Amino acid sequence: MPVLNGKELRIVGFLCNWCSYGGADTAGVARATQPTDLRIIRVPCSGRIDPLFIVKALLNGADGVLVSGCHPRDCHYAAGNFYARRRLEVLKQFLPVLGIDERRFEYTWVSASEGQRWQQVVTVFTDRIHKLGPAPKLEDPEPLLKIADMALTSLRSLGTGQNAALVELKEAIKAKLPELDCVLGWQQGYDEAHTVPLFMKTPKDVDKLVWGPFNVNNPAVYLPSFKGKKVGIVVKGCDSRSVVELLQENLIRREDVTIFALPCEGTLDMARVNQDMGRYTKIDSVSYDEAGVTITADGKAHRFCMTEYAQGKCYGCTTPSAVLSDTLLGQPVKVDGAAGTPPELALLDSMTLDERLAFWRGQMDRCLRCYACRNACPMCVCRDYCVSDSRDPHWMTQEDTAKEKLFFQTIHAMHLAGRCTGCGECQRACPVGIPILALRQQIARAVAQLFDGYQPGLNPDDVPPLLGYEVVEKNIHERDWK
């Protein structure tokens, strides 16, 4: 492809030192004609390429990114490209949810002797990027704010849990309490319509335990901080998946954790509850029936039915009962059918790529960069070394721009690839209500499609798919450049 004045695009190429960089060199020695758009970055191995390199390049103005390494089974570090293959394929399926055309990113394999193949690969990819044209920039679209349609049918009956075996649960905790340093649960917060975490150390503390639609927090987030101690935890179904995932990653030990569980009937989306209640000064009372709650604030009663005000994750929940427990009380909950597309993700699916980019521009403009999403995540366990704060390596600046904030959310989502249990704590904790759970849900959907329906947090003996590989991947097909 000839170089045209003013029409050259910016394409970043990450090439492994041992094979693809040698292949590009071989093509150059052979004087093979190549496009000049590519800016090559040499890396030791394709396994060294963090998917965030690619996201950062695309968010910072690259029109395309090409990754090339040794052919599978020919890695100089034995298995680097096997690990890279899974990560890069997940990334390829993740990019569209950000509003980035997945065709702007490609990965391939070229050996040091394949100069002719390298010429073909780089020519075909550059031609593709030229046909797509310059990549749209996040700063360019007009901010778009849309609200997800939450009118969904639940896979199970939603209720307020007022018939749950709470008395029996308290007795079970009191019986076990002498053997434990602490038991985690929920207690009433500053009024009857809010709960806060409860750390039970005495029978008197156990009497404060509450159960119902206001138990929105995931207590599993505190478990790693009790490492080495005997601790109990009261869980809903989604919370139990976080506990299982922590066990999978050896962040806690099974013999140190005692799990108490009741079947969950759903929890309220407090953001929508507060939005519909409007401004008030005081909650007077909260009353329950089987289908919903009535909150009286400043003398005015507000009725919230669970089928209309549950959290989005509750509609498609397939694990209302704990997947792992030591004490499970109550009757099993029947689930009809399989989970569909969550409402936040369905909203993004309905948009074009340009609209998604504008959507995230609008949402990230609202982000306070408070990191409440990170702090509430039970699987975000490296916060002392979080890239958002690190200056070595310096992944992020402290600029208050939509691009930097979206990049952080992308980092968080990619770090949770194959690990996020979908508890929704990130989105619930967001003080401005940004639907960031959709990014995790897209990752989870890609992982499930690529790895035979894998769902994190169901089996303590499972290995997260991005921590392993198969020599021949069932659902990842090698691309050819013909």
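Residues numbered from 1 in each chain as written. Predicted model: local features only at pLDDT ≥ 70, side-chain atom pairs only at ≥ 80, totals over all residues. Heavy atoms only, no water.

Caption draft 1: Molecular detail of the sheet that holds strand β6 (residues 195–200). Read from one edge of the open sheet, five strands run β6-β5-β7-β8-β12, paired in mixed fashion. Looking at which strands have only one partner, the edges of the open sheet turn out to be β6 and β12 (327–328). The pairing of strand β8 (residues 257–261) with β12 spans two bridges and is parallel. Residue pairing in the sheet places F260 in a bridge with T327 of β12. Contacts between helix α7 (residues 237–248) and the sheet are confined to β5 (182–188), β7 (231–235) and β8, with β7 contributing the most and set at about 140 degrees to the helix. (Pairing = 2+ DSSP bridges. Helix = DSSP H or I, 4+ residues; strand = E, 2+ residues; numbered from the N terminus. Contact = heavy atoms within 4.5 Å. Axes fitted to C-alpha atoms, helices over the stretch in contact; angles between N-to-C directions.)

Caption draft 2: A look at the environment of D25. Within the secondary structure, D25 is located in helix α1 (residues 20–29). The exposure class of D25 is partly exposed, given its relative accessible area of 49%. Separated by 210 residues in the primary sequence, D25 and V235 place their C-alpha atoms 58 Å from one another. (Buried < 20%, exposed > 50% of the residue type's maximum accessible area, 1.4 Å probe, protein only.)

Caption draft 3: Inspection of the packing of aromatic side chains at higher detail. With the rule as written, the count across this model stands at 14 aromatic pairs. Taken together, a centroid distance of 5.8 Å and an interplanar angle of 75 degrees make the contact between W186 and W211 edge-to-face. Residue W186 is located in strand β5, and its partner W211 is located in the loop between α6 (203–206) and β7; the two are separated by 25 residues in the primary sequence. The same class applies to W186 as to W211, namely buried. Joined through ring pairs, the aromatic side chains of F14, F53, W395 and F407 make up one cluster. One Lys or Arg, R42, reaches over the ring of Y21 and ends 4.3 Å from the middle of that ring. (Phe/Tyr/Trp six-rings, centres within 6.5 Å; stacked < 30°, edge-to-face > 60°. Lys NZ or Arg CZ within 6 Å of the ring centre and 35° of its normal.)

Caption draft 4: Geometry of the pairing of strand β9 (residues 283–288). With five bridges connecting them, β9 and strand β10 (residues 292–297) associate as antiparallel partners. Of the residues in β10, the one forming a bridge with I283 is A297. What sits between the antiparallel neighbours β9 and β10 is a turn of three residues.

Caption draft 5: Structural detail: empty space enclosed by the protein. Overall, the coordinates contain six cavities of 30 Å³ or more when judged by the stated rule. Volume-wise, the largest cavity comes out at about 140 Å³. If you go around the largest cavity, you meet 17 residues; those closest to its centre are C367, R369, Y371, C373 and Q409. Secondary structure elements with two or more residues in the lining of the largest cavity: α13 (372–376) and α14 (402–415). (1 Å grid on protein atoms, 1.4 Å probe; cavity = no way out; pocket = protein on both sides within 12 Å on 5 of 7 lines; lining within 4 Å. Points joined across faces, edges and corners; volume = space filled by probe spheres on them.)

Caption draft 6: Structural view of the pattern of salt bridges. Counted under the stated rule, the structure contains 26 salt bridges. In this structure, E139 engages K403 in a salt bridge whose closest nitrogen and oxygen atoms are separated by 3.8 Å. Here K403 lies in helix α14 and E139 lies in the loop between α4 (115–132) and α5 (166–176), a separation of 264 residues in the sequence. Of the residues examined, E139 reaches a relative accessible area of 43% and is grouped as partly exposed. With a shortest N-O distance of 2.9 Å, R445 and D349 are connected by a salt bridge. Of this pair, R445 sits in helix α16 (residues 437–450) while D349 sits in helix α11 (residues 343–349); the two residues are 96 residues apart in sequence, bridging distant segments of the chain. Among the residues examined, R445 registers a relative accessible area of 26% and is labelled partly exposed. Residue classification places D349 among the partly exposed residues on the basis of a relative accessible area of 34%. (Salt bridge = Lys/Arg side-chain N within 4 Å of Asp/Glu carboxyl O.)

Caption draft 7: Just the side chain of Q442, in detail. Its location among the elements puts Q442 in helix α16. With relative accessibility at 9%, the residue Q442 sits in the buried group. A polar contact of 2.7 Å, which involves the side chain of Q442, links it to the backbone oxygen of Q93. Sequence-distant contacts of Q442, defined by excluding residues within four places in its chain, comprise Q93, F94, V97 and L345. (Polar contact = N/O pair within 3.5 Å; in protein donor to acceptor, adjacent residues only side chain to side chain.)

Caption draft 8: How the structure looks around the environment of H71. Looking at the element boundaries, H71 is found in the loop between β3 (64–69) and α3 (80–98). Measuring from C-alpha to C-alpha, the distance between H71 and N81 comes to 7.6 Å, with ten residues separating the pair along the chain. If sequence neighbours within four positions are ignored, H71 has contacts with N81, W109, V110, S111, E114 and R117. Polar side-chain contacts of H71 include one of 2.7 Å to the side chain of E114.

Caption draft 9: Unusual backbone geometry, seen in detail. Of note, the bond from D392 into P393 is cis; its omega dihedral lies within 30 degrees of zero at 5 degrees. A positive phi angle, close to 50 degrees, is found at D298, a residue other than glycine. Tracing the backbone through its elements, the reader meets D298 in the loop between β10 and β11 (300–305). We note that Y371 has phi near 65 degrees; this positive angle belongs to a residue other than glycine. Here Y371 is to be found in the loop between α12 (353–366) and α13.

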